[in-house]
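Given next are the chains, with one letter for each unit.
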Amino acid sequence: MFEIFGIPSTALFGQLLIGLINGSFYALLSLGLAVIFGMLNIINFSHGAQYMLGAFAAYLLLQYSGLGYWPALIIAPVLVGITGVIVERLFLQWLYKLDHLYGLLLTFGLALIIEGVARNYFGSAGLPYTVPESLQGGRNLGFMFLPNYRAWVIVASLAICFGTWFVIERTRLGANLRAATENPTLVRAFGINVPRMITLTYGFGVALAAFAGVMAAPIYNVSPQMGSELIIVVFAVVVIGGMGSILGAIVTGFGLGVIEGLTKVFFPEASNTVIFVIMAIVLLVRPAGLFGRRA
Amino acid sequence: MRKILGLAALTAALACSGANAQQVNVKIGVLSDMSSLYSDIAGPGSVVSAKLAIADFTKANPGVKVELISGDHQNKPDIGSQLANQWYDVDKVDLIIDTPNSGVALAVSQITATKNKLFIVSGAAASDLTGPKCNANTIHWTYDTWMLANGTGKALVKTGGDTWFFLTADYAFGHALERDTMAAVEKNNGKVLGKVRHPLNTNDFSSFLLQAQASKAKIIGLANAGGDTINAIKAGAEFGIVKGGQKFAGLLVFASDVNALGLQTAQGLTLTETWYWDMNDANRDWTKRWQAERKAAGKFPTMVQAGVYSGITHYLKAVVALKSAADGKAVVAKMKELPTDDPLFGKGTVRADGRKLHPAYLFEVKAPSESKYPGDFYNMRAMVPADEAFRPLHEGFCPLVSG
């Protein structure tokens, strides 16, 4: 056992692993944001509220229909995705031709409404939701005790992130989607239903947020403000990674999770500001973000 | 509620027209956290308590007319200060009450002294409010960090938890609680092995808990409250803290937190409070009225919300005795002169440094099998009498009490 900057190596590796786990939440959430911005040019400020809706849907499914964690992982994102589709059809479709600011204002307003209604009915102290039986407990890795649930979080996020990236960058469907955002008229001329594709894409981005919410429910406090606490950090992650880049969002999410984890060891009081410091530096050096395309 | 206030006002007006009775007008502001991590501990529930206190008092004393407003300080001292200034200067508020979040409370306390109004702190905890930062316009009502430290801290050290590691919320309250508990632990021959400070409103405690685990301290002291405590305990269950032989000391835990955690996770937690809804019939009856007015199912009042009721009752008593609410210092002096007596906290006194005295109770959270009905959270383990529960008068360094 050796020491790095006064911290024993075992403690450091433990913190790095924790950082990776947090990073997987950042990556999942920023993936949804990057998909929505990259494909639709909408700054989806209600992403945090939709993440919260996913967690609440999991809680309500358990309370009122006895459906546990595993069914909720599929049903909750579908339900919240449908609300996303409704929002897109009712409100967002009128804003694509306008400045980015309008989309931001609309989604920000939606976020406030969703959070306020949730707080009105459920209070702010939070709702209980436990880790599913099959994932309880953990194993002692020698340098730290790793709960099984957190290991599952890393695995699931990596799978979803890789799957999404693959679909968008390497399949025909993804190619159609990317083409539709660059030149919708031409793509429509090919007979592809562009508006429907866009609606489903927004729904998918929202479903990703809800999926992250269900994953968070057993370990973080399920409260109406759980999304607003996280969304600011996630936006910083997306900005650092490059606003339209899927790969950028994933890599930056994991990377910043690790950096935040290290800050918690060496200088814990700064742990919720270090990401913004990095964002400021990155924007000064590379204004389009680390992986972003120059607009 | 409006009807009762209206009737009381009408009766007062009629009474005035006959006899020479003087009408006393008072305006009270409940400054609380209405939307963030402390809003279940205080928040809208405190406004309900205030309404009940005003209704009960004006029914018995028709010569008083009380107006009530409320506001959200969002846990930000600058917003709390701006609201306090506006309330005192523009809205002619006489009393500000509640205010969870010690940072905001300390700021409002200074403003209140400058403007010679009155501030009753029910929600915030920092014992500095009756210590170096005390003043003649502030009364610290329900509880404080010294009482928590010497209730829970002392009890745990005496039962074998002699090494501690602190998880501290990085602001005034966390620092005060950590300082007072560290003093209590060391006074009883315990040792503090380390501490880590986390930002207020932290989501993820895994990294801090890892450090706590590595320290091998027997007790992990949670010098935080509300959502932070809930997240820490939840993460602790995941990381097998208790299975690994360490225990959590919830230095500030409320019934609303236990409700959010669920008894399965929270069982066995030792905590100190000064009021619990299920302790006696008077508390239970008041709780039923509070729940009916609150209209939010499944909620139980906390000691902070009970403190708002008790504080307003005593304040109005002093105002009626003086026949005016205008001079904050005079009303505070009267409140310190009169003994307190209300259905919730029973008989007590307000000390020279602004500290309200009443007994403290050591509780332990029940296991799920022991809980017979909703809200049945605690077993009472011990009672600390009022003269021992709070910091001795001359150890506080309050400028009002020198020599």
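Since this is a predicted model, take the numbers as computed values, not measurements.

About the thresholds
The numbers attached to residues start from 1 for each chain and follow its sequence in the written order. Going through the entries in the order they are written, you letter the chains from A and number the ligands from 1. Reporting of local features is limited, given that this is a predicted model, to residues whose pLDDT is at least 70; pairs of side-chain atoms are given and counted only at 80 or more, and all residues count toward the totals for whole chains, interfaces and linings. Numbering of helices and strands runs from the N terminus; a helix is a DSSP stretch of H or I covering at least four residues, while a strand is a stretch of E covering at least two. Atoms considered for the radius of gyration are the C-alpha atoms alone. The globule rule reads 2.2 Å times the number of residues to the power 0.38. Between the buried cut of 20 or more and the exposed cut of 12 or fewer other C-beta atoms within 10 Å of a residue's own C-beta lies the partly exposed class, and all C-beta atoms are placed from the backbone. What counts as a contact is two residues whose backbone-derived C-beta atoms lie within 7 Å of each other. Helix axes are fitted to C-alpha atoms over the stretch in contact, other axes to C-alpha atoms as well, and angles between N-to-C directions run from 0 to 180 degrees. Note on convention: the crossing is left-handed when the near helix lies turned anticlockwise from the far helix by less than a right angle, right-handed when the turn is clockwise. Note on residue categories: nonpolar means Ala, Val, Leu, Ile, Met, Phe, Trp, Tyr, Cys or Pro, charged means Asp, Glu, Lys or Arg, and polar means any other residue, Gly included. Here, strands pair whenever DSSP counts at least two bridges between them. To estimate the expected span of a helix, count its residues, drop one, and scale the result by 1.5 Å. Working note: the arc is built from the helix axis to C-beta atom directions. Each domain span listed reflects an automatic or database assignment of domains. The nonpolar core criterion groups buried Ala, Val, Leu, Ile, Met, Phe, Trp, Tyr and Cys residues into a set whenever they are joined through C-beta atoms within 7 Å. Scored from 0 to 100, pLDDT records how confident the predictor is in each individual residue. Here is how to tell: hold the view so the strands point away, follow the path from the first strand over the helix to the second, and if it runs clockwise the crossover is right-handed. Angle categories: roughly parallel below 35 degrees, roughly antiparallel above 145, roughly perpendicular from 65 to 115, and oblique for all the rest.

Considering the overall build of chain A
Each helix and strand in chain A was counted, giving eleven helices and four strands. Here the C-alpha radius of gyration of chain A, 19 Å, is about what a compact globule of 295 residues would show, namely 19 Å. Within chain A, buried positions represent 52% of all 295 residues. For chain A, long-range pairs separated by at least 24 residues make up 76% of all intrachain contacts whose partners lie at least 6 apart in sequence.

Thoughts on the overall build of chain B
Scanning chain B from N- to C-terminus turns up 14 helices and 15 strands. Over its C-alpha trace chain B gives a radius of gyration of 21 Å, about what one expects of a compact globule, namely 22 Å for 403 residues. Taking the principal axes of the C-alpha coordinates as reference, chain B spans close to 75 × 50 × 35 Å. The buried share of chain B, reckoned over its 403 residues, is 58%. Across chain B, the fraction of contacts at a sequence separation of at least 24, relative to all contacts at a separation of at least 6, is 73%.

Describing the packing of helix α1 (residues 9-40) of chain A against helix α10 (residues 246-266) of chain A
Residue and element names in this part refer to chain A. Between α1 and α10, the shortest axis-to-axis distance is 6 Å and the interhelical angle comes to 145°. In the crossing of α1 with α10, the sense of the turn from one axis to the other is right-handed. Per-class residue counts for the contact of α1 with α10 are 18 nonpolar, eleven polar and two charged.

Some points on the interface of chain B and chain A
Opposite the 36 residues of chain B that make contact, chain A presents 33 residues. Listed by contribution, the elements that provide at least two residues to the side of chain B that touches chain A are β7 (191-198), α7 (206-215), α8 (227-238) and α9 (255-261) of chain B. For the side of chain B that touches chain A, a count of residues per class yields twelve nonpolar, 16 polar and eight charged.

Focus: the sheet that holds β7(B)
All names here are of chain B. With respect to topology, four strands assemble into an open sheet ordered β7-β6-β8-β9, the strand pairing being parallel. Looking at strand neighbours, the two that pair on one side only are β7 and β9 (247-250), the edges of this open sheet. Sheet twist, expressed as the average angle between the axes of neighbouring strands with direction ignored, equals 20°.

A word on the environment of Asn25(B)
If you trace the backbone, Asn25(B) turns up in strand β1 (residues 24-32). For Asn25(B) and Glu395(B), which are 370 residues apart along the polypeptide, the C-alpha to C-alpha distance reads 38 Å.

Some details on the sheet that holds strand β13 (residues 356-357) of chain B
Backbone-to-backbone hydrogen bonds pair the strands of a sheet. The strands run either parallel or antiparallel. Residue and element names in this part refer to chain B. The strand order across the open sheet built from three strands is β11-β12-β13, with neighbouring strands paired in antiparallel fashion. Looking along the sheet, the strands with just one partner apiece sit at the ends: β11 (340-342) and β13. Where β11 meets strand β12 (residues 346-350), three bridges bridge the pair, whose relative direction is antiparallel. Looking across to β12, one finds that Thr-340 is bridged to Gly-348.

Notes on helix α11 (residues 274-285) of chain A
Residues and elements named next belong to chain A. Here α11 spans 17 Å end to end across twelve residues, near enough to the 16 Å set by a 1.5 Å rise per residue. All of the buried residues along α11 are Ile-275, Met-279 and Val-282. For α11, the buried positions fall inside an angular range of 70° around the axis, keeping them on one side. Residues of α11 that are exposed and point over 90 degrees away from its buried face: Val-277, Ala-280, Ile-281, Leu-284 and Val-285. Those residues of α11 hidden inside the fold are in contact with α9 (226-241) and α10.

Let's talk about the domain arrangement of chain B
Residues and elements named next belong to chain B. Domain annotation of chain B identifies domain 1 (2-143 + 279-358) and domain 2 (146-273 + 360-389). Each of domain 1 and domain 2 was reduced to a C-alpha centroid, and the two centroids are 29 Å apart. Listed per partner, the contact involves 21 residues of domain 1 and 20 residues of domain 2. The leading source of residues in the side of domain 1 that touches domain 2 is helix α4 (residues 102-115), at three residues. A class-by-class count of the residues in the side of domain 1 that touches domain 2 yields eleven nonpolar, eight polar and two charged.

Notes on the nonpolar core
Residues and elements named next belong to chain A. One finds Ala-55 and Ala-210 to be the most contacted residues of the largest nonpolar core, which totals 218 residues. At 17 residues, the largest contribution of residues to this core is made by α1. Dropping the residues within four chain positions of it, Ala-55 is found in contact with Gly-213, Val-214, Ala-216, Ala-217, Val-222 and Met-226.

A closer look at the domain arrangement of chain A
Residues and elements named next belong to chain A. Splitting chain A by domain gives domain 1 (39-111 + 146-224) and domain 2 (225-295). Spacing between the C-alpha centres of domain 1 and domain 2 amounts to 20 Å. Among the elements of the structure, α2 (47-65) and α5 (148-170) are those that each provide at least two residues to the side of domain 1 that touches domain 2. It is α2 that contributes the most residues to the side of domain 1 that touches domain 2, six residues altogether. Residue composition of the side of domain 1 that touches domain 2, by class: ten nonpolar, five polar and one charged.

What about α4(B)?
Residues and elements named next belong to chain B. Helix length check: α4 (14 residues) gives 20 Å between terminal C-alpha atoms against 20 Å at 1.5 Å per residue, within 8%. Burial in α4 covers these residues: Ser-102, Val-104, Ala-105, Leu-106, Ala-107, Val-108, Ser-109, Ile-111 and Thr-112. Where α4 terminates, the next one or two residues include Asn-116, which has phi positive at roughly 55°.

As for the confidence of the model for chain A
Interpretation of the predicted coordinates at a detailed level should be avoided for regions scoring low in pLDDT. Of all residues in chain A, 97% attain a pLDDT of 70 or more, and the chain-wide mean is 87. Confidence, expressed as mean pLDDT per element, reaches its minimum in chain A at strand β1 (residues 3-4) of chain A with 64 and its maximum at helix α3 (residues 69-90) of chain A with 94.

A short note on the pairing of β9(B)
Residues and elements named next belong to chain B. Both strand β8 (residues 219-223) and β9 contribute to a ladder of four bridges, which runs parallel. Bridging across to β9, Leu-222 finds its partner in Gly-250. The handedness of the β8 to β9 crossover, carried by α8, is right-handed.

Section: the packing of α1(A) against helix α8 (residues 194-216) of chain A
The angle between the axes and the distance between the axes are what describe a pair of packed helices. All names here are of chain A. Put simply, α1 and α8 touch, their axes get as near as 9 Å, and they point 170° apart. The angle between α1 and α8 falls in the class roughly antiparallel. In contact with Phe-25, Leu-28, Leu-29, Leu-31, Gly-32, Val-35, Ile-36, Met-39 and Leu-40 of α1, α8 contributes Ile-198, Thr-201, Tyr-202, Phe-204, Gly-205, Leu-208, Ala-209, Phe-211, Ala-212 and Ala-216. The residue makeup of the contact of α1 with α8, split by class, is 16 nonpolar, three polar and no charged.

Some words on the confidence of the model for chain B
Mean pLDDT over chain B works out to 89, with 95% of the residues at or above the 70 mark. The low-confidence segment residues 16-20 of chain B (pLDDT under 50) makes two contacts with residues lying over four places distant or belonging to another chain.

So, the environment of His394(B)
One can find His394(B) in the segment after α14 (386-389). Expressed as a C-alpha distance, the spacing of His394(B) and Asp353(B), which sit 41 residues apart in the sequence, is 9.5 Å.

Some remarks on unusual backbone geometry
We note that Asn41(A) has phi near 60°; this positive angle belongs to a residue other than glycine. Owing to 16 C-beta atoms within 10 Å, Asn41(A) belongs among the partly exposed residues under this scheme.

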